[in-house]
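Here is what each chain is made of, one letter per residue.
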Amino acid sequence: MAKKLKTVHKDLLTLAILAALYAVLAVLLYSGAMSRQLMNMLIPVSMYVVMAVSLNLVVGLLGELSLGHAGFMSLGLFSGCLLSLFLNGQVPEIVRIPLSMLAGGLVAAIGGLIVGLPALRLRGDYLAIVTLACCEIIKSVITNLNFTGGALGLNTAPVYTNAKHLLPYAAVLVLITALVMMNLKRSKQGRAIMSIRDNRIAAESVGINVTYYKLAVFVLAAFFAGAAGALYGHCFANVKAVSFDYNVSIEILVIVVLGGMGSIGGSVVAAIVLRTLPEMLREFQNFRMLVYAIVLILVMLATNNPRLKQFFAGLHPGTLWKKWKAGRIKEKEAGSHE
Amino acid sequence: MSEKNRLVDAPSHVKLLERDLDKRPILECMHLGIDFGGLHAVEDLNITIGPTEISGLIGPNGAGKTTVFNLLTKVYEPTGGVIMIDGVDTRGKSTAQISHMGVARTFQNIRLFNHMSVLENVTAAMDARLKYGFGSSIFRLPAYWREEKRAREEARELLNAFGMSKEEETPAGSLPYGEQRRLEIVRALATKPRILLLDEPAAGMNPSETRELMENIRWIRETFNTAIFLIEHDMKLVMEVCDGIMVLNFGRVIAKGTPKDIQNDPQVIEAYLGRKKEAQHG
């Protein structure tokens, strides 16, 4: 029982840290102490956090490689922005943006279902290729439709808002995504999904409906990607489908892998670091991407080293808290012995 | 041992335990077969297992024993014949549905959920019996707490019965070999099976562990009220534990009966040891 409670506490701690982080950012933002550069990064980084945490459901928990996450995001972005443009001026912003996020999520979820159905028969590399292709198909379709603005892109200037308006929505979306993933991980569905990852045949043999859970994972991950996309669309005056190609998918995958498969906190940290890194490396000008690649390799090596892994695990706030508490108990005991 | 523990002939040429005669067989196969592109891996297989029987399936390597298990659990779809679980036809059913019908199994090469804890391995097997949906998990509705509590309690009880309650939080992959085998049985029992298929449960065990396993198998039958169908190479275990034995060779049943019948069956001796004449020539 005690162990179970501890894991729940760890989840709560991660959520609390996330909430505190957003509170600090909000204070900085609304008091005007935040630099322009950071302000412009707030929403994209939040979006990447949501994308990484939701992709972690597919890659970390289900253990399948999906390279189509940008496609779902793109679906959500365009459908959400279209709805937002349609509702613009008719309903207040506080209703319009959540509604567009919900719509974006739902459309992406339907997309996830459509992609998921044929992809269910595939595993591993083949699934990765099919999701990659789906991502490209989504991109091409959106580029060639008239109502999405075609190759010129959708003019979202009427609904464009800055980070000051969008931050609360981003914070809520990030917290909800993290909460949903954490709750799911520690439920019968989470166990079923992980058991499929660990051994599909054994999972089937104990009565787990593999098809159902795989599909559910695809739909759920696509939903959050879509919702994040809809929000993301609001911080541009013009959105083009071509900017959400497989490079974005792979970038999200890199975040998930670096953050640790199945680790929600890890995904959050990795998303923040990897998205701010290129900005911080601006001084290096031409060598920027080279340095970025080297840093990536170094992080990869570091996280694969057992000793360093232990070191990083020791840095987890939950572990630090436990150590501190254990130390206090020891002190008390020592005190009572005297 | 009462009189009723004898194997007797039942109508339509099947052998059943006397105490199971008036009960519906838990597993019935008729003319079951599968071809792998012209190779008849299993052919014309007839099995009848009563609800309280411990039945053994033996045979030389490559005889098709594990294939039989894979057919029964629908890992392979049979190319011929019928499988009935408790009188219900299983045609078109998936592996998961077979499990819901009350068939649980273990694997020859252990297949645990290695990265999940021991407790999670057991509760994962209760998936179909826990009645709450995605909504309850995400929003932590009362159904979630109620069902999870039930799952944990049941799983702990099972683990306790098998002396594994200390390892609850250990990842299944880092358990020692013997315990991994035991956990597979616990996981199978967590599905509340009516028949338990054990694929070489004694493989890799030393004599004292095997003896313990024999007792466990009988105890499982009594405690969990389930029939047991096992594949095993350890003859001592098979002869001592099983009520009835089937011998498979080249995908066909060559003998069927009590342990004593099997020991004296010339065809079985031939399958295992070869023909006498050949031995002399050799």
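Residues numbered from 1 in each chain as written. Chains lettered and ligands numbered in written order. Predicted model: local features only at pLDDT ≥ 70, side-chain atom pairs only at ≥ 80, totals over all residues.

### Structural notes on the overall build of chain B
Thinking step 1. Along the backbone of chain B there are 11 helices and 12 strands.
Thinking step 2. Taken against the 2.2 N^0.38 rule, which gives 19 Å for 282 residues, the C-alpha radius of gyration of chain B at 20 Å falls within 12% of a compact globule.
Thinking step 3. In chain B, which comprises 282 residues, the proportion classed as buried is 42%.
Thinking step 4. Sequence-distant contacts in chain B: of pairs separated by 6 or more residues, those separated by 24 or more amount to 67%. (Helix = DSSP H or I, 4+ residues; strand = E, 2+ residues; numbered from the N terminus. Rg over C-alpha atoms; globule rule 2.2 N^0.38 Å. Buried ≥ 20, exposed ≤ 12 C-beta atoms within 10 Å, placed from the backbone. Contact = placed C-beta atoms within 7 Å.)

### Considering the overall build of chain A
Thinking step 1. For chain A, the count of helices and strands is 14 helices and two strands.
Thinking step 2. Against the 2.2 N^0.38 benchmark of 20 Å for 338 residues, chain A shows a C-alpha radius of gyration of 21 Å, consistent with a compact globule.
Thinking step 3. Structurally, chain A occupies a C-alpha span of about 80 × 60 × 45 Å along its principal axes.
Thinking step 4. In chain A, which comprises 338 residues, the share counted as buried stands at 43%.

### Some points on the interface of chain B and chain A
Thinking step 1. If you look at the interface, chain B gives 30 residues, while chain A gives 22 residues.
Thinking step 2. Listed by contribution, the elements that provide at least two residues to the side of chain B that touches chain A are helix H2 (95-100), helix H3 (118-124) and helix H4 (134-139) of chain B.
Thinking step 3. Here the side of chain B that touches chain A is composed, by residue class, of 14 nonpolar, nine polar and seven charged. (Nonpolar A, V, L, I, M, F, W, Y, C, P; charged D, E, K, R; others polar.)

### Focus on the sheet that holds strand S11 (residues 244-249) of chain B
Across a sheet, strands are paired by hydrogen bonds formed along the backbone, either parallel or antiparallel in direction.
All names here are of chain B.
Thinking step 1. Taken in spatial order, the six strands of this open sheet run S8-S9-S10-S5-S11-S12, and their pairing is mixed. The strands lining the two open edges of the sheet, one partner per strand, are strand S8 (103-105) and strand S12 (252-257). Ignoring which end each strand starts from, the neighbouring axes of this sheet average 20° apart.
Thinking step 2. With four bridges joining them, strand S5 (residues 54-58) and S11 adopt parallel strand pairing. Opposite Ser 55, over in S11, you have Gly 244 as the bridge partner. (Pairing = 2+ DSSP bridges. Axes fitted to C-alpha atoms, helices over the stretch in contact; angles between N-to-C directions.)

### A few points about the sheet that holds strand S3 (residues 27-36) of chain B
Residue and element names in this part refer to chain B.
Thinking step 1. Read from one edge to the other, the open sheet built from four strands follows the order S4-S3-S6-S7, with strand pairing classed as antiparallel. Where the open sheet ends on each side, the last strands, each with one partner, are strand S4 (39-49) and strand S7 (88-89).
Thinking step 2. Pairing geometry for S3 and strand S6 (residues 80-85), over five bridges, is antiparallel. Within S6, the residue paired with Gly 33 across the bridge is Gly 80.
Thinking step 3. The sheet contacts of helix H1 (residues 65-72) involve S3, S4 and S6, and relative to S4 the element is tilted by about 65°.

### Examining the packing of helix H2 (residues 36-62) of chain A against helix H11 (residues 264-280) of chain A
Residues and elements named next belong to chain A.
Thinking step 1. It is the contact of H2 with H11, at a shortest axis distance of 8 Å, that shows an interaxial angle of 140°. In terms of crossing hand, the pair formed by H2 and H11 is right-handed. Facing H2, whose interface residues are Gln 37, Met 41, Pro 44, Val 45, Tyr 48, Val 49, Ala 52, Val 53 and Asn 56, H11 presents Ile 264, Ser 267, Val 268, Ala 270, Ala 271, Ile 272, Arg 275, Thr 276 and Glu 279.
Thinking step 2. Classifying every residue of the contact of H2 with H11 gives 12 nonpolar, four polar and two charged. (Left-handed = near helix turned anticlockwise from the far one by under 90°.)

### Concerning the confidence of the model for chain B
Thinking step 1. Here chain B averages 89 in pLDDT, while 94% of its residues score no lower than 70.
Thinking step 2. Across the interface, the model reports ipTM at 0.88; the global pTM reads 0.87. (pLDDT = per-residue confidence, 0-100.)

### Some thoughts on unusual backbone geometry
All names here are of chain B.
Thinking step 1. Not every positive phi belongs to a glycine, and His 31 is a case in point at roughly 50°.
Thinking step 2. Topologically, His 31 is positioned in strand S3.
Thinking step 3. On the basis of neighbour counts, which here come to 12 C-beta atoms within 10 Å, the residue His 31 falls in the exposed class.

### What to know about the environment of Leu 106 of chain A
Thinking step 1. Among the structural elements, Leu 106 of chain A can be located in helix H4 (residues 93-119).
Thinking step 2. Taking the C-alpha atoms as reference points, Leu 106 of chain A and Phe 223 of chain A, 117 residues apart in sequence, are found 5.9 Å from one another.

### Section: the nonpolar core
In globular proteins that are soluble, nonpolar side chains generally tend to be buried together.
Thinking step 1. Grouped together as the largest cluster of nonpolar side chains are 167 residues, with contacts concentrated most on Met 51, Ala 52, Leu 55, Val 217, Ala 221, Ala 228 and Leu 231 of chain A.
Thinking step 2. Discounting chain neighbours no more than four positions away, the residues touching Ala 228 of chain A are Met 47, Val 50, Met 51, Met 73 and Leu 173 of chain A. (Core = buried A, V, L, I, M, F, W, Y, C linked by C-beta atoms within 7 Å.)

### Brief notes about the pairing of S5 of chain B
Residues and elements named next belong to chain B.
Thinking step 1. The buried fraction of S5 amounts to five of the five residues, a majority that puts the element mostly inside the structure.
Thinking step 2. Every second residue of S5 is oriented toward a common face, with Ile 54, Gly 56 and Ile 58 on one face and Ser 55 and Leu 57 on the other, all of them buried.
Thinking step 3. Inspection of the sheet shows S5 paired to strand S10 (residues 227-231) by four bridges, in the parallel sense. Directly across from Gly 56, in S10, lies its bridge partner Leu 230.

### With respect to helix H9 (residues 210-233) of chain A
Thinking step 1. Look at H9 of chain A: 34 Å from first C-alpha to last across 24 residues, which is about the 34 Å you get at 1.5 Å a residue.
Thinking step 2. Burial runs high along H9 of chain A: 20 of the 24 residues are buried. (Expected span 1.5 Å × (residues − 1).)

### Considering the packing of H4 of chain A against helix H5 (residues 124-144) of chain A
Residue and element names in this part refer to chain A.
Thinking step 1. Packing of H4 against H5 brings their axes to within 10 Å, and their N-to-C directions diverge by 145°. The two elements H4 and H5 meet at a crossing, and its hand is right-handed. When H4 is examined against H5, the residues Gly 111, Val 115 and Ala 119 are found in contact with a partner set consisting of Leu 127, Val 130, Thr 131, Cys 134 and Ile 138.
Thinking step 2. Tallied by class, residues from the contact of H4 with H5 come to six nonpolar, two polar and no charged.

### Looking at the pairing of strand S9 (residues 195-199) of chain B
All names here are of chain B.
Thinking step 1. The buried fraction of S9 is high, at five of five residues.
Thinking step 2. Of the two faces of S9, the one carrying Ile 195, Leu 197 and Asp 199 and the one carrying Leu 196 and Leu 198 are both buried.
Thinking step 3. Direction of pairing for S9 relative to S10: parallel, over a ladder of five bridges. Counted as the bridge partner of Ile 195 is Ala 227 from S10.

### Notes on the environment of Ser 35 of chain A
Thinking step 1. Assignment of secondary structure puts Ser 35 of chain A in the loop between helix H1 (2-31) and H2.
Thinking step 2. Considering only alpha carbons, one finds Ser 35 of chain A and Leu 277 of chain A, 242 residues apart in sequence, at a separation of 16 Å.

### Focus on the environment of Gly 257 of chain B
All names here are of chain B.
Thinking step 1. Within the secondary structure, Gly 257 is located in strand S12.
Thinking step 2. On the basis of neighbour count, Gly 257 is assigned to the partly exposed category, with 17 C-beta atoms found within 10 Å.
Thinking step 3. Along the primary structure Gly 257 and Met 214 are separated by 43 residues, whereas in three dimensions their C-alpha atoms are 20 Å apart.
Thinking step 4. For Gly 257, the residues in contact, after removing those within four places along its chain, are Leu 7, Lys 15, Gly 244, Ile 245 and Ile 262.

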